[in-house]
Each structure stands twice: as C-alpha cells, then as structure tokens.
Amino acid sequence: MRPGHTMGVALGVQDGFRACGVALEGWVQGMWGGSGGAQGGSRAVGWPWGHRMRPGHVEWAPGVVLGVRVGSWAGGWLLAHRVGSGHLGSSRGKVAAGPVGALGRRGVGVGGGGLGQEPLGSHSAVLGAQDFLGQAFVALGEVIGSQRGRLERALTGVPGKRCGTILLLAEELSNCRDIVTMQLCANKLDKKDFFGKSDPFLVFYRSNEDGTFTICHKTEVVKNTLNPVWQPFTIPVRALCNGDYDRTVKIDVYDWDRDGSHDFIGEFATSYRELSRAQSQFTVYEVLNPRKKCKKKKYVNSGTVTLLSFSVESEFTFVDYIRGGTQLNFTVAIDFTASNGMPSQPTSLHYASPYQLSAYALALKAVGEIIQDYDSDKLFPAYGFGAKLPPDGKISHQFPLNNNVDNPSCAGIEGVLESYLQSLRTVQLYGPTNFAPVINQVAGAAAQVTDGSQYHVLLIITDGVISDMLQTKEAIVTASALPMSIIIVGVGPAEFEAMEELDGDEVRVSSRGRYAERDIVQVTPAPSPVPPQARDAEPLADLRSRRVVPTGLQTSFPQSLCHFGITWMTRETRC
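Remember, predicted model here, so these are calculated numbers, not experimental data. (Residues numbered from 1 in each chain as written. Predicted model: local features only at pLDDT ≥ 70, side-chain atom pairs only at ≥ 80, totals over all residues. Heavy atoms only, no water.)

## Focus: the confidence of the model for the protein chain
Averaged over every residue, the pLDDT of the protein chain is 73; residues scoring 70 or more account for 69%. Counting interchain partners and residues more than four positions distant, the pLDDT-below-50 stretch residues 1-123 has 233 contacts. Long-range and interchain partners of residues 528-557, a stretch whose pLDDT sits below 50, account for 56 contacts in this model, where long-range means more than four residues apart. (pLDDT = per-residue confidence, 0-100. Contact = heavy atoms within 4.5 Å.)

Structure follows, in structure tokens:
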C-alpha cells in the first residue's frame, strides 16, 4: 500500500481463501509479508494505521487493526476509542475485539471481547464496571499458619473455566507510623513509542521476607516525554519497607501502552535509609535495562531518575489524640416529622408497646450505647426537628428534647431515651425534614474551640428523604472546616439513596462552587428490628436494659469516627 490511498485491506489471507475487506479512508500505511502478518505462509496486512473507517465498522480509530492467525483461524484485534455498530469494544481505550477477523480454514475468526486493560491510574469504585476473574475464600489463620506465610489457592466462580490461582503472603506489620512524601523526575529515558517518545511511569516494589517483591505504589503516567516530572505522592513507611530501613526497595520504569503491555525501560534499587539521606540534596539513580546491558557493549544506561524531595511525618491515631486529652462531645437529633406516622398507631416508627421498642428507640439505644463509650462526661445534648411545639404550634427544627433551651444535655443514653419519649407525648409531628438547622447548631459549638482539644459528633436519626438538600450541603461544607463529624442513621422502609450524596466517600460534597475540605458524613442503615420471639418474651424494661447492637455497627461506627477525627486532627497538626 502507499500512503494517501484508500483501498480494501485483506486481513489474514490463508491458503487462497478470500478475507473480508475493510475500507480505510485517509492515511494508511501497511507492511506486507511475514513481518506483521499471519504465520504459516499467509499474506496478510501486518500493521495498517487509519484515521477513519466506513460507518458500521469504526467511527474513529487511532489504534491498530492487526490480523493474526491463531491455530486454524485468524482474528482481528482492534484498538480504538469508539467502535461502531457490529463491533465489540469499550469507550475507555480497552482492546476491543469484533467481527473484523479474516476467513481462515474454518470460516471467520472473531476475537472475544474485553481484552486488555484500562490505562494505569483510571480507578473505578463501581464493582459492576470491572471484569470478574474469580474468587477464593480463606481464613486468616490459614494464611498466617501456612509455611513461610505463603498460601496459594485456586480461583473459582466462573463455571467451566479455570480462573488461575492467587498467592497470599502474610507478614506482621511493624509499629512504624511514619508517612513519607516524595517526588521524583527522570531524564533522557529510552524512547519506546513509534509515533512519539515515551509515556513513563514508576512502579515501586517492597521486598518480602522470602526474597520476592510486592508492588506497593504506582505513579501517574506522564505522556509523551523522555524527561517526566511526577507529582509528589505519600506512602506509609510500613507499606514501603515495613519499618525495616535497610530493606531493598526496587523501582521499575515503564512506558505505558494502551493495551496494558507496558514496555520495560529499566530499573534501579534503593532503600528507605538511602532515600532519607537525600532530604537535603538531589540523589540521581541510573536506570538500567539488564537485557540491553548484556547485548550492547557500549550500553551506559536507559536514563536517570532524580529524587527531588523526601519528607517524613509521624502519623498519630485518633486514640492517641483521645489519650492526649481530646474531649469528644456527642449530640443527638431525632426526626419528629409526620412521615413517621402517628405514635399511637402500630405502623408508626415512633410506636412503642410494653413488649417492643420503637424503631427510633432501638436505633438510639444501639448507636448511643456505642457513642457513650467514647464520651468522657456522658452528657449528650439532644434535639428534635420537624415538630410543632406547644403552646402556639410553632414549627421547630432544633428543639431540646428535655425542654431546656439553656442546657439541652441529657444524662447518658437512658436520659436521652426518656426525654425522647416525653417529647413524643407533648409535641405534634409535622415537617418538613430539615437537617441544616441542627447541623449549624452543632457547628456553632464546634467553632468555639478549634485547637484540637474538643471534637463534636452529631448523630441524626431520620426516616426518609431530606427536604433542605441545598441548605444541608452548604452547612456540611462549612462544618467540614470545623472539628466535627455527622453520622446519619436511617430507619424505616423509605429510600435513602438521596442521602448517600451527602456521604463524600467518592465525590466530595459541594455547594455554590465550594467543596468540603474533608469527608465528615457517614450514612449507615438502621439496626435490625427485635425478633418477634424477643418482643413476646421480654417486657420493655428488660429490652431497655439489654444491649442491642446492629450487626456491623460495632466496628463501622468506631472506624468512621476515627477516620473523621484523624482527618481533622492531622489537618490541625499540619497547619
């Protein structure tokens, strides 16, 4: 073929059979013969590059159409961003395989979809967007008790298919709490791309006790350069060398390829101790490729990597701050809106009988008994929202449950429970479901002391969809700069998907162009209802005295609390 021509391209012609042709428009370059074609005497186009193909084939393909022959059939692999009708592919740059295969001895060869991998650094938290490869179930004791801490298990889960094996390595972590922040750059790396330079990235390996290496970090890809400067990154010392400062840290340099077959540029080795000595000076490492070094007598290196900066900070746990004198202050807010139903009706979420706690009382008791373990004075300010108050029927979204505006604190969770039941008998359930007023109330208290000696946690128990979403987002963004966190517990059968928007695990909450400084909201399901046999057998007094904790809440709440607290304390320490 000649550049500038438009013609049909035969893919994988074998033994005189005619292959299906694909017309390429625009610039096409091809190399005939065995250099890129199918093996065994086939006369195929090896590497045609094209800008556009006809509708129904490929709408835009900056990738490669490659004719290959495997066994007795030929298949086409297509690298493209967008694949037209009749083809299989992905919009994320995966290797897509579709009916562009050639006619071989047994007809048209069609490759399977889903080949390749996403580019390095494109992470998706949606499990359904990933390809399932297999699964294995092991007990922790099996891994620890295995010989040399190595356990290999076969992966299962795909019927009729061998899924491979997974190797688990166990090593006791050191008590080192240091965190390293470093930045590196490279100079004069090898050129690996045909139509460009290289797309370099670094892979860090921690050496294990058995001499093997485990990936502990990957940098981002810097496109089309031989002199990349990577962004600073942070990694725990335990992940880098498990606290052993002289343990080898191996670093590989790769050229990123879209299909996942990244090209090896070279490698070098160092240690934490050697890296830490370079805090006051630039340290340069030679990147060596062992294969090139053996083949070429005049080979020097494949470039150099320079350590630009290296700093170490100690990481403290939330427990360390509590032991150091930080006081925790918990506030409770309960939903008194009419959507909960009349408290006198058995269908109401506020309904209580001599043998059954209400859904709210159960949630309050379950979460509260965990909360009070972290509070030193056991005095909890408790509010209600969404009710009409006597005597004038004024709607309030932050009324004290004990009816004491000057001192809304209740003595222990039992005190909060008693005040809650008393309020049910005096207020009228109404609406709407507004969170912003009570969030601003607690934020005001948190703003008074910001030196790290006080930390506030607001527990909101509610039954459904929030009414003041915009105002609540604004309140959360403002509160994210203060020493406070918010735990939202949902009760009842209503949909709580909208409230997940407030949980900034994936996307940080924003309002009017401002983003929350940190994630301070955790949405958690309500505790499971008391079993019928327990309701029938135990009077209310016994249920109140029994410690009822929903499955998973014992660990999820402390973990969330510690996560939120440490993000604030760390922020204060670094400021």
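## Things to note about the sheet that holds strand β11 (residues 178-187)
Pairing in this open sheet of four strands is antiparallel, and the strands run β14-β11-β18-β17 from one edge to the other. What marks the edges here is a single partner per strand, and that holds for β14 (233-236) and β17 (283-286). The average undirected angle you get between the axes of adjacent strands in this sheet is 35°. Note: β17 against strand β18 (residues 304-314), four bridges, orientation antiparallel. In the strand pairing of β18, Y285 is matched with V305. (Pairing = 2+ DSSP bridges. Helix = DSSP H or I, 4+ residues; strand = E, 2+ residues; numbered from the N terminus. Axes fitted to C-alpha atoms, helices over the stretch in contact; angles between N-to-C directions.)

## Remarks on the pairing of strand β12 (residues 200-207)
Within β12, eight of the eight residues are buried, which leaves the element mostly enclosed by the surrounding structure. The two faces of β12 match: P200, L202, F204 and R206 on one face and F201, V203, Y205 and S207 on the other face are all buried. Bridging between β12 and strand β15 (residues 248-255) involves seven bridges; their strand directions are antiparallel. Bridged to V203 within β15 is D252. Where β12 meets strand β13 (residues 213-218), five bridges bridge the pair, whose relative direction is antiparallel. Residue F204 lies in a different strand from β13, and its bridge partner there is H217. Hairpin geometry of β12 and β13 is characterised by an intervening segment of five residues between the two adjacent antiparallel strands and by a positive phi of about 95° at G211. (Buried < 20%, exposed > 50% of the residue type's maximum accessible area, 1.4 Å probe, protein only.)

## Considering the pairing of strand β27 (residues 484-490)
The side chains of a regular strand alternate, first on one face of the sheet and then on the other. For β27, the tally of buried residues reaches seven of seven residues, placing the bulk of the element in the interior. Note: strand β26 (residues 454-462) against β27, seven bridges, orientation parallel. Each residue of the ladder has a partner; that of V457, found in β27, is S485. As a crossover connection, the stretch from β26 through helix α9 (residues 469-479) into β27 is right-handed. (Right-handed = clockwise from strand over helix to strand, strands pointing away.)

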